[in-house]
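Observations on the three-dimensional arrangement
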Amino acid sequence: MSKWTVVGRVEDIPPLGARVVRTPTLDIAVFRAVGDRIFALEDRCPHRGGPLSQGIVHGGRVTCPLHDWCIELAAGEAVAPDQGSVRTFPVRITDGQIELDLDRVTLRAGAA
Amino acid sequence: MKKERLVVIGNGMAGMRTVEELLQVAPDLYDITVFGAEPYGNYNRILLSPVLAGEKTLDEIMLNDLAWYTDHGIELIAGRKVVGIDRRAHTVIDDKGAATPYDRLLIATGSDPVLLPLPGKDLPGVVTFRDLADVDAMVRACEDFTKAVVIGGGLLGLEAANGLLKRGMAVTVVHLVDTLMERQLDPHAGRMLQQSLEARGLRFALPAQTEAILGDDRVRGVRLKDGREIEADLVVMAVGIRPNIALARSGGLHCERGIVVGDTLQTFDPRIYAVGECVQHRGQVYGLVAPLFDQAKVCANHLALLGYAIYRGSLISTKLKVTGIDLFSAGAFQGGDGAEDIVFRDETRGVYKKLVLHDNRLTGAVLYGDTVDGSWYFRLMRDGTDVAALRETLVFGQSYLGDPGHGGASASALADDAEICGCNGVAKGTIVKAITTNKLFTLDEVRAHTKASSSCGSCTGLVEQIIASTLGGEYTKTPSEKPLCPCTDHTHAETRQTIVAQKLKTIADVMAFMEWRTPNGCQKCRPALNYYLLCAWPGEYVDDSQSRFINERAHANIQKDGTYSVIPRMWGGITNPKELRAIADVADKFRIPTVKVTGGQRIDLLGVRKEDLPAVWRDLNAAGLVSGHAYGKALRTVKTCVGSEWCRFGTQDSTAMGIALEKMTWGSWTPHKVKMAVSGCPRNCAEATIKDFGVVAVESGWELHVGGNGGVKVRTTELLCKVATPEEVMEYCGAFLQLYREEARYLERTAPWLERVGLAYVRAHVVEDAKERKALHARFLFSQSFSQTDPWGERAAEIPVRSEYAPLKVVGV
Ligand code: SRM
Ligand SMILES: Cc1cc2nc3c(=O)[nH]c(=O)nc-3n(C[C@H](O)[C@H](O)[C@H](O)COP(=O)(O)OP(=O)(O)OC[C@H]3O[C@@H](n4cnc5c(N)ncnc54)[C@H](O)[C@@H]3O)c2cc1C
Ligand code: SF4
Ligand code: FES
């Protein structure tokens with residue numbers, strides 16, 4: 001199986017918005033930040049599990065919709081003074097296609 | 001391109017604050033050269049008093065050390081004075097005779113202490129209290145000598161006297177009039193201050209005038225007009241300051257008491273700016289830092305070529321930095337025409353408070369012994385808040401404002417484990433610890449570090465009190481009206497005005513024109529801007545859904561597990577079997593776990609999956625049910641009672657009135673949510689008197705009540721007026737809502753808005769001026785003509801379903 005999974009095109013995500021990729025084990029939020037930079041993070045806030053995909057995207061960050069924690073999209077780290085981190089996934093864009101590097105564990109229930 | 005050259009004369013607090021502000025907004029615009037007569041970087045002059053008292057060291061009061069200048073590419077020429085300005089050649093000349101060219105010049109030369117022309121004033125041992133050299137001289141004198149006289153019983157004199165006393169000197173303060181700090185304190189508070197300073201060991205001669213300073217090769221005392229002589233080895237003159245304008249005047253700039261500047265901080269020569277104590281603006285000269293910081297911000301805005309900030313003068317407040325003595329004064333404490341006093345006096349506890357009111361607005365405050373409410377009073381003064389409703393308890397402070405659920409205790413009286421923030425479970429001790437260990441100074445910092453006051457905000461006053469009491473007398477900057485968010489320095493009002501005046505029509509345009517610091521704002525400013533634009537340009541502005549909080553973006557309320565709740569509108573609380581059947585069918589079909597009757601007279605379907613939302617709406621739409629906007633900063637519900645149709649006491653058809661109001665107002669976006677109610681008689685079963693707009697029917701017509709709130713802080717409405725017909729109810733309601741829509745700050749409900757502007761203001765626009773009422777009402781209806789399409793219907797009708805409700809992709813299955 002190839003390492004990269006195609007999940008959609010950049011235009012499928014609204015600018016400064018996000019869409020969700022469902023996998024058997026978890027949801028992944030795919031963000032389109034300023035300058036069409038794409039980031040993929042587990043869709044689970046390190047605070048109490050809020051869906052980050054539903055937050056407001058600003059600069060390189062997203063604000064969780066439940067209690068306003070701010071998460072750095074690139075590193076998956078909460079912005080100080082909050083502490084916590086969320087898993088990030090490598091992304092690459094090929095001809096406008098978004099591809100995620102999803103490991104076997106994430107895809108366990110299906111491909112294995 | 002070659003950079004322009006900015007030369008700054010004066011390395012003090014105002015000059016350097018301007019440079020810091022400038023670097024924030026335009027870091028690369030200028031090559032900057034700074035001349036400072038004092039041979040160091042920039043230090044916090046107001047903390048010289050704690051240095052003198054031995055409570056702080058020099059290192060602790062440095063604001064910008066020499067490395068800061070190097071790091072920012074600024075050339076600092078310290079220890080060199082500028083002695084001339086050649087405005088034709090655009091150069092300044094320093095005391096070594098060198099000429100330095102400028103494209104723009106900033107003068108920030110501060111003040112000089114006043115030296116009374118007394119015999120003996122030049123004797124060794126006579127000093128002033130202005131800079132580090134003065135403090136050095138005083139500290140050295142304390143090592144060799146034992147007796148001091150301070151001339152001047154104002155803020156500076158008392159702080160000097162206290163410092164010398166702490167260093168072991170016997171100190172006498174000589175003061176011309178019979179009240180200490182007579183410019184800040186009324187005689188009563190002045191006397192209390194004198195008593196407690198006497199209890200610490202200071203001695204006073206007042207009223208008394210110094211006639212001569214005695215001594216041959218060093219001072220040995222002073223002689224007063226009444227003949228008395230007081231021994232002293234050190235005499236500190238602290239009788240006032242005089243703006244340092246000699247240089248500007250010699251350069252031909254127009255000066256009166258200070259260097260005269262306009263609202264842009266420019267002198268009569270447009271290349272030359274001036275800020276700080278050396279400046280005279282609208283006839284006013286300032287001697288405290290808060291106004292200078294306001295000036296610095298405006299001046300930097302113009303130096304950065306932005307050109308829209310305006311300085312309108314500042315309101316000032318004073319605190320005395322003598323540890324253990326709490327004293328606060330702001331505004332005018334002498335009454336005068338039309339003024340009223342509220343005075344509180346408790347000699348045993350050593351507490352005295354005096355508030356001065358004009359037309360129900362606070363214009364002055366003097367607090368002695370208990371100053372926790374100083375910043376609250378200051379805010380009321382600055383905002384011009386109508387205090388009529390608070391009047392009875394105003395003098396007891398903010399914590400007496402009836403704040404159910406929060407006990408009304410004053411913060412300092414609380415134990416460390418007392419819970420301050422109920423939303424985030426933060427105890428007082430945690431806040432105090434965060435303030436001291438992380439050196440926090442502002443409410444925002446405390447919010448970020450502890451989460452206290454960051455949710456519902458009802459504990460903000462308490463948290464502010466804790467900050468104030470923890471920092472004690474230490475300098476706290478009182479910002480003028482708060483900026484919208486950390487992305488900008490502009491206030492809500494400025495932003496709204498600029499949007500209209502400059503015809504800005506997109507969020508990006510606003511951010512570009514008003515120089516936002518961040519590329520696309522943050523979760524605080526974007527929703528506010530989206531609303532302001534929507535309100536300013538109805539029908540024209542294209543809503544930016546990515547700038548809305550998820551609930552408004554998805555048209556449903558997000559729940560803690562990431563599912564959503566759906567609340568259809570029930571006009572005036574009326575439903576029927578068909579609607580109820582549709583709701584029941586939807587709940588079955590989509591296996592919705594909870595169906596609940598809400599507090600707003602309608603039904604909530606809780607636990608709907610996001611991807612099911614459009615289909616749920618489609619089914620509800622089919623039975624005629626539309627969005628209830630339970631998720632929006634928008635019109636929520638109009639509660640009604642059964643009224644004259646059924647009730648034996650009903651005087652009017654309150655249900656029909658409620659439905660008519662809801663039909664007129666649904667779909668409108670507002671600064672915060674808006675709730676209404678109509679009751680059929682004064683028994684008021686629809687609880688109209690805790691709503692944003694409440695109507696109570698009486699035999700002769702309708703009472704209109706406004707500004708109620710039933711949430712975090714219960715507030716009952718105020719009576720706006722009484723009208724006779726249902727048509728009038730509609731017109732007044734539309735006008736009231738439109739005034740609120742156009743003028744309140746984003747996320748400010750009608751209750752705090754009304755408290756801020758006062759009922760009289762709203763009456764003037766909505767009741768007394770019929771023409772304006774009709775115009776407001778018409779603008780409301782115009783805006784409504786674009787907003788009354790059911791958002792659920794719009795989305796449910798789209799096939800395929802709008803992508804935001806579906807996952808991007810499902811993989812691995
Ligand atoms: C569903 C409901 C509770 C219920 O089961 O009855 C409710 C639920 C929520 N309320 Fe409420 N409020 C509900 C009636 C009320 C009422 C009663 C009323 O409207 O008569 C009040 C007090 C009256 C008032 O607002 O003055 C009320 C005062 C609040 C407040 C405090 C507002 C304030 O100004 O102090 C908040 C917090 C806020 O808005 O920031 C809030 C916020 C919320 C939120 C939106 C919390 C949130 O941000 O997620 C809750 C959403 C739950 C959801 O997804 O449905 N809710 N809430 C009620 C919906 C009414 C409706 O049909 O639309
Ligand atoms: C002891 C003390 C306590 C105070 N306490 C408070 C307080 O509690 N709260 C409060 O708000 N305010 C307080 N103040 C007042 C506050 O410090 C001043 O309002 C503020 O420092 C004024 O700033 P400025 O930049 O206008 O002047 P300064 O800070 O005096 O800066 C002017 C600088 O310009 C330099 N300079 C002047 N002429 C030239 C020249 N020709 N060439 C080169 N350099 C020149 C001076 O040497 C000086 O360093 C206090 C002041 C003192 C002295
Ligand atoms: S519904 Fe309202 S009162 Fe109940 S928990 Fe939620 S916000 Fe609090
Ligand atoms: S779950 Fe994200 S902030 Fe609480």
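As the structure is a prediction and not an experimental result, all values here were calculated from the model.

1. Comments concerning the overall build of chain A
Regarding its fold elements, chain A presents one helix and ten strands. Taken from the N to the C terminus, the helices and strands of chain A come in the order β-β-β-β-β-β-β-β-β-β-α. The buried share among the 112 residues of chain A stands at 52%. Considering only contacts in chain A between residues 6 or more positions apart, those separated by 24 or more positions represent 41%. If you sum the accessible surface of chain A, you get close to 4,900 Å²; carbon and sulfur atoms cover 47% of it.

2. Structural notes on the interface of chain A and chain B
Contacts between chain A and chain B engage 36 residues on the former and 32 residues on the latter. For the chain A and chain B pair, buried surface summed over both sides reaches about 2,600 Å², with 58% attributable to carbon and sulfur atoms. At the boundary of chain A and chain B, one finds one salt bridge. The salt bridge involving Glu611 of chain B is made with Arg22 of chain A; its shortest N-O contact spans 2.8 Å. On the surface where chain A and chain B come into contact, there are 15 residue pairs in polar contact (both at pLDDT 80 or more). Elements represented by at least two residues in the side of chain A that touches chain B include exactly β1 (4–9), β2 (17–22), β5 (56–58) and α1 (104–111) of chain A.

3. What to know about the site of ligand 2
All names here are of chain B. Taken together, 33 residues surround ligand 2, and among them Ala14, Arg130, Glu277, Val289 and Lys321 come closest. Contacts to ligand 2 include Ala108, whose backbone N or O atom sits 3.5 Å from an oxygen atom. Arg130 is positioned with one of its side-chain polar atoms (N or O) 2.6 Å from an oxygen atom of ligand 2. In the complex, the protein chains occlude 93% of the 1,000 Å² of accessible area that ligand 2 would expose alone. For the shell around ligand 2, the secondary structure elements donating two or more residues are α1 (13–25), β2 (30–36), α6 (155–166) and α9 (289–303). Tallying contributions element by element places α1 first for the shell around ligand 2, with three residues. Residues belonging to the shell around ligand 2 are distributed by class as follows: 14 nonpolar, eleven polar and eight charged.

4. Things to note about the pattern of salt bridges
Residue and element names in this part refer to chain B. This model, assessed by the stated rule, comprises 41 salt bridges over all chains. Across the pair Lys774 and Glu731 runs a salt bridge, and its minimum N-O distance is 3.2 Å. Of this pair, Lys774 sits in helix α24 (residues 770–787) while Glu731 is found in helix α21 (residues 726–743), placing the two residues 43 residues apart along the sequence.

5. Focus: the packing of aromatic side chains
All names here are of chain B. With the rule as written, the count across this model stands at 13 aromatic pairs over all chains. Relative to Phe396, the ring of Phe344 lies with its centre 6.0 Å away and its plane at 85°, an arrangement referred to as edge-to-face. In this pair, Phe344 is assigned in strand β25 (residues 339–346) and Phe396 in the loop between α10 (374–383) and β28 (419–421), connecting sequence segments 52 residues apart. Joined through ring pairs, the aromatic side chains of Phe693, Phe736, Tyr740 and Trp753 make up one cluster. The positively charged end of Lys505 is found above the aromatic ring belonging to Trp537, 4.3 Å away from the centroid.

6. Section: helix α18 (residues 577–589) of chain B
Residue and element names in this part refer to chain B. End to end, α18 covers 18 Å across 13 residues, agreeing with the expected 18 Å (1.5 Å per residue, within 8%). Packed against the buried residues of α18 are β32 (594–597), β33 (603–608) and α19 (613–622). Of the residues one or two after α18, Arg591 is the one with positive phi, at around 45°.

7. Examining the sheet that holds strand β17 (residues 229–231) of chain B
All names here are of chain B. Sheet architecture is open: three strands sit in the order β15-β16-β17, paired in antiparallel fashion. What marks the edges here is a single partner per strand, and that holds for β15 (210–215) and β17. Direction aside, the axes of adjacent strands within the sheet are offset by 25° on average. Here β15 pairs with strand β16 (residues 219–224) via five bridges, running antiparallel. Counterpart to Leu214 in the pairing with β16 is Gly221.

8. Observations concerning the environment of Glu611 of chain B
Position of Glu611 of chain B among the secondary structure elements: in the loop between β33 and α19. For Glu611 of chain B, a relative accessible area of 26% corresponds to the partly exposed category. Of the polar contacts made by the side chain of Glu611 of chain B, one reaches the side chain of Arg22 of chain A; its length is 2.8 Å.

9. A short note on the confidence of the model for chain B
All names here are of chain B. Within chain B, residue pLDDT values average 90, and 95% of them lie at 70 or more. The low-confidence segment residues 402–409 (pLDDT under 50) makes ten contacts with residues lying over four places distant or belonging to another chain. In this model, residues 475–480 is a region of pLDDT below 50 whose contacts with residues beyond four sequence positions or in other chains number 14 contacts. Prediction confidence for the complex, expressed as pTM and ipTM, is 0.58 and 0.67 respectively.

10. A word on the packing of α21 of chain B against α24 of chain B
Residue and element names in this part refer to chain B. Direction vectors running N to C along α21 and α24 enclose 75°, while the axes themselves pass 7 Å from each other. In this view, α21 runs roughly perpendicular relative to α24, as classed from their interaxial angle. Facing α21, whose interface residues are Met730, Glu731, Tyr732, Gly734, Ala735, Leu737, Gln738, Leu739, Arg741 and Glu742, α24 presents Arg773, Lys774, Leu776, His777, Arg779, Phe780 and Ser783. For the contact of α21 with α24, a count of residues per class yields seven nonpolar, four polar and six charged.

11. Comments concerning the side chain of Asn709 of chain B
Tracing the chain through its elements places Asn709 of chain B in the loop between β37 (701–706) and β38 (718–723). For Asn709 of chain B, the contacting residues outside a window of four places in its chain are Ile690, Lys691, Val714, Arg715, Arg749 and Ala751 of chain B.

12. A word on the packing of helix α22 (residues 750–757) of chain B against helix α23 (residues 759–768) of chain B
When two helices pack together, their arrangement is given by the angle between their axes and by how far apart the axes lie. Residue and element names in this part refer to chain B. Where α22 contacts α23, the axes come no closer than 6 Å and their chain directions differ by 95°. Here α22 lies roughly perpendicular to α23, going by the angle between them. Where α22 approaches α23, its residues Trp753, Leu754 and Val757 are matched on the opposing element by Leu759, Tyr761 and Val762. For the contact of α22 with α23, a count of residues per class yields six nonpolar, no polar and no charged.

Cut-offs used in this document
- Residues numbered from 1 in each chain as written.
- Chains lettered and ligands numbered in written order.
- Predicted model: local features only at pLDDT ≥ 70, side-chain atom pairs only at ≥ 80, totals over all residues.
- Heavy atoms only, no water.
- Helix = DSSP H or I, 4+ residues; strand = E, 2+ residues; numbered from the N terminus.
- Buried < 20%, exposed > 50% of the residue type's maximum accessible area, 1.4 Å probe, protein only.
- Contact = heavy atoms within 4.5 Å.
- Areas by Shrake-Rupley, 256 points an atom, 1.4 Å probe, with all protein chains shown as cover.
- Buried area = accessible area lost by both parts, 1.4 Å probe.
- Salt bridge = Lys/Arg side-chain N within 4 Å of Asp/Glu carboxyl O.
- Polar contact = N/O pair within 3.5 Å; in protein donor to acceptor, adjacent residues only side chain to side chain.
- Near = heavy atom within 4 Å.
- Nonpolar A, V, L, I, M, F, W, Y, C, P; charged D, E, K, R; others polar.
- Phe/Tyr/Trp six-rings, centres within 6.5 Å; stacked < 30°, edge-to-face > 60°.
- Lys NZ or Arg CZ within 6 Å of the ring centre and 35° of its normal.
- Expected span 1.5 Å × (residues − 1).
- Pairing = 2+ DSSP bridges.
- Axes fitted to C-alpha atoms, helices over the stretch in contact; angles between N-to-C directions.
- pLDDT = per-residue confidence, 0-100.
- Parallel < 35°, antiparallel > 145°, perpendicular 65-115°, else oblique.

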